[in-house]
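As a plain string of letters, each chain reads:
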Amino acid sequence: NVRTRQRANNQQSETNTPNNRNLFQQIISLLPILILFLMSFSSYTTNQNPTFYLHPYGTYSFKRYTSLPGVSKGIPYYVDQTFLSKYPSNSDGLRRVEKTVESDYKEELVMKCHNEKELKRRKLYQSQYRSKKEYEEATNIPIPSCDEYNERFVLKSNKYNYNRKSENEFDS
């Protein structure tokens, strides 16, 4: 009887050793990471196709232009053949898509504007010690993305003008 109690006590103390508790705590602490990993993997495997592209790509070959009120008119974007059945004219879904098209297009123009201004800045710097003709050519390098940004968004909203030095966030 005494031996049976001793064996039971030994078995109970073996299952509650610090090593077993630490292992259990480690597994519990890794559980949130494992759950996040599984969730991100499942969203990766069920990822939907994009609604549109700003440039033709694969089956996204049907060209459309933004046209709804509250969105800059005439921004080109490309959709697949199922687009019209998913986003009927004047629907809230189409309005959200066109707002996203506008936002993505703005971002693209800002990035292109920055690159064009940087190229122009480098050409001006390189040409300032060369001939006057090269400097004038560098001065006249067009920055069409900045111009389009200003025409589409700045002149209408009067926020920032990416061509004016005093307000240009890209000048340093």
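Preceding this paragraph is the structure being described.
Read on for an overview of the structure. (Residues numbered from 1 in each chain as written. Predicted model: local features only at pLDDT ≥ 70, side-chain atom pairs only at ≥ 80, totals over all residues. Heavy atoms only, no water.)

### Observations regarding the overall build of the chain
Step number 1: Looking only at helices and strands, the chain has six helices and two strands in total.
Step number 2: Secondary structure elements of the chain occur, N-terminal to C-terminal, as α-α-β-β-α-α-α-α.
Step number 3: When the 172 residues of the chain are sorted by exposure, 26% land in the buried category.
Step number 4: Taking the intrachain contacts of the chain between residues at least 6 apart in sequence as the baseline, contacts between residues at least 24 apart amount to 48%.
Step number 5: Within the structure as shown, the chain displays about 13,200 Å² of accessible surface, and the carbon and sulfur contribution to it stands at 54%. (Helix = DSSP H or I, 4+ residues; strand = E, 2+ residues; numbered from the N terminus. Buried < 20%, exposed > 50% of the residue type's maximum accessible area, 1.4 Å probe, protein only. Contact = heavy atoms within 4.5 Å. Areas by Shrake-Rupley, 256 points an atom, 1.4 Å probe, with all protein chains shown as cover.)

### With respect to the pattern of salt bridges
For side chains bearing opposite charge, pairing can occur when the charged atoms are close.
Step number 1: This structure, assessed with the given rule, holds five salt bridges.
Step number 2: Put simply, Lys99 and Glu102 hold a salt bridge, and the shortest N to O gap is 3.9 Å. With Lys99 and Glu102 both in helix H4 (residues 92-127) and three residues apart, this pair spans about one turn of that helix.
Step number 3: The buried category is assigned to Glu102, whose relative accessible area is 11%. (Salt bridge = Lys/Arg side-chain N within 4 Å of Asp/Glu carboxyl O.)

### Notes on the packing of aromatic side chains
Step number 1: Scanning all chains against the criterion turns up seven aromatic pairs.
Step number 2: Measuring from centroid to centroid gives 4.8 Å for Tyr53 and Tyr60, while their planes differ by 80 degrees, and the two rings are edge-to-face.
Step number 3: For Tyr60, a relative accessible area of 6% puts it in the buried group.
Step number 4: Each residue in the set Phe52, Tyr77, Phe83 and Tyr87 is aromatic and connected to the rest through ring pairs, giving one cluster. (Phe/Tyr/Trp six-rings, centres within 6.5 Å; stacked < 30°, edge-to-face > 60°.)

### Focus: the state of the cysteines
Step number 1: Counted under the stated rule, the structure contains one disulfide.
Step number 2: Two residues, Cys113 and Cys146, share a disulfide whose sulfurs are 1.9 Å apart. In this structure the cystine formed by Cys113 and Cys146 twists about its S-S bond by roughly 100 degrees; its chirality is therefore right-handed. One end of the pair, Cys113, is in helix H4; the other, Cys146, is in helix H6 (residues 144-157), and 33 residues separate them in sequence. Residues Cys113 and Cys146 agree in their burial class; the two are buried. (Disulfide = S-S within 2.5 Å.)

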